[in-house]
Amino acid sequence: AGRYLDVDWHYYVLFAVNAILVICAYGLVFLFERSFGLVSNITLVELTNVNSNLMLQFAEKAPGTFQHSLQVSNLATEAAKRIGAKVLLVRTGALYHDIGKMTNAECFVENQADGYNPLNGKDNAIAAKMVIDHVLEGERIARKHHLPEVIIHFIRSHHGTSQVRYFYNTAINQAKQAGLDASTVNVADYTYPGPKPSSKEAAILMMADAIEARSRSLTDITPQSISDMVDDMIDMQMRDGQLAQTPLSFKDLEDVRAVFKQKLLEINHHRITYPTVE
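Residues numbered from 1 in each chain as written. Predicted model: local features only at pLDDT ≥ 70, side-chain atom pairs only at ≥ 80, totals over all residues. Heavy atoms only, no water.

1. Some thoughts on the nonpolar core
Consideration 1: Among the nonpolar cores identified, the biggest contains 50 residues, and Tyr96, Ile99 and Phe260 are the most heavily contacted of them.
Consideration 2: With 9 residues, helix α10 (residues 200–215) is the largest single contributor of residues to this core.
Consideration 3: Not counting residues up to four positions away in its chain, the partners in contact with Tyr96 are Leu47, Ser52, Leu54, Met55, Leu147, Ile151 and Ile155.
Consideration 4: Residues Cys107, Ala125, Ala127 and Tyr168 belong to the second largest nonpolar core, which totals 18 residues. (Core = buried A, V, L, I, M, F, W, Y, C linked by side-chain atoms within 4.5 Å. Buried < 20%, exposed > 50% of the residue type's maximum accessible area, 1.4 Å probe, protein only. Helix = DSSP H or I, 4+ residues; strand = E, 2+ residues; numbered from the N terminus. Contact = heavy atoms within 4.5 Å.)

See the structure below:
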């Protein structure tokens with residue numbers, strides 16, 4: 001009994017109060033994020049859980065796009081590490097940037113397992129709008145699931161104000177074949193609504209998204225073909241002014257190019273042919 005009375009309960013009270021404050025801190029983090037539009041690493045870690053309900057729906061409804069997003073996330077993460085950008089933020093934004101494709105997944109080639117493309121035969125402007133709408137749908141889905149504004153910026157800006165080149169170029173070619181001037185094609189019908197990326201992280205995602213998608217169309221995968229493709233895509237985005245509002249330096253861009261070239265070579269490396277038993 002004497003030993004029991006000798007215990008300094010003051011320390012135990014302090015430990016208990018500290019435990020309560022730690023528990024309350026998680027609630028305060030959520031409150032501050034909602035109140036001031038902030039996003040913590042705790043929230044980002046939770047959002048990168050590919051077993052969440054939203055990610056599982058994404059993987060089920062648009063499996064090809066989901067795999068594309070994982071590859072983009074890996075590319076963007078490595079580039080962010082190289083230039084000192086926010087790695088966890090880039091990884092999270094990349095996972096969610098194409099969630100809008102869940103709405104009409106069959107309109108996007110990565111989800112067309114049987115080769116059927118519902119856009120074939122449609123008017124170029126209508127087909128372009130169906131592609132462009134995945135950005136608006138992505139924002140709608142993100143707001144429905146209460147994703148942070150910074151993640152919504154990734155969704156809205158990953159194409160910036162660029163054009164849906166396939167249908168835009170096709171429309172111009174058809175106009176010329178009909179003896180019409182290229183100016184008869186309304187460029188606004190083929191242009192993404194934007195905005196353009198405004199951070200290093202959003203710019204990295206834009207580049208990684210375009211490069212990963214185009215790498216799948218390469219028929220001859222060599223160090224030179226990959227290098228040329230990466231340079232061509234980033235140069236085109238720069239000429240188009242898509243990266244003009246970001247704080248990326250020329251050094252950053254050169255480092256990002258190098259990372260993309262290296263990672264794409266690793267992803268697309270050649271495998272040995274296994275011998276068969278004769």
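Let's pick the thread back up.
2. A look at helix α8 (residues 149–157)
Consideration 1: All of the buried residues in α8 are Ile151, Ile152, Phe154, Ile155 and Ser157.
Consideration 2: On its buried face, α8 sits against α3 (41–47), α6 (87–96), α7 (124–144) and α10.

3. Comments concerning the pattern of salt bridges
Consideration 1: Enumeration over the complete set of coordinates arrives at 17 salt bridges.
Consideration 2: Between Lys81 and Glu78 there is a salt bridge, with its nearest N and O atoms 3.5 Å apart. On the criterion of helical spacing, the pair formed by Lys81 and Glu78 is a turn pair, its members being 3 residues apart in helix α5 (residues 63–83).
Consideration 3: Of the residues examined, Glu78 reaches a relative accessible area of 28% and is grouped as partly exposed.
Consideration 4: Linking Glu139 and Arg143 is a salt bridge whose minimum nitrogen-to-oxygen distance equals 3.1 Å. (Salt bridge = Lys/Arg side-chain N within 4 Å of Asp/Glu carboxyl O.)

4. Comments concerning the packing of aromatic side chains
Two numbers describe a pair of aromatic rings. These are the distance of the centres and the angle of the planes.
Consideration 1: Overall, the coordinates contain 3 aromatic pairs when judged by the stated rule.
Consideration 2: Look at Phe58 and Phe66: their rings are 5.6 Å apart centre to centre, the planes differ by 85 degrees, and that puts the pair in the edge-to-face class.
Consideration 3: Residue classification places Phe66 among the buried residues on the basis of a relative accessible area of 10%.
Consideration 4: A centroid spacing of 5.0 Å and a plane angle of 85 degrees characterise the contact between Tyr166 and Phe167, whose relative ring orientation is edge-to-face.
Consideration 5: Among the residues examined, Tyr166 registers a relative accessible area of 62% and is labelled exposed.
Consideration 6: Looking at Phe167, the relative accessible area reads 11%, which means it is buried. (Phe/Tyr/Trp six-rings, centres within 6.5 Å; stacked < 30°, edge-to-face > 60°.)

Geometric values such as these leave the question of function open.
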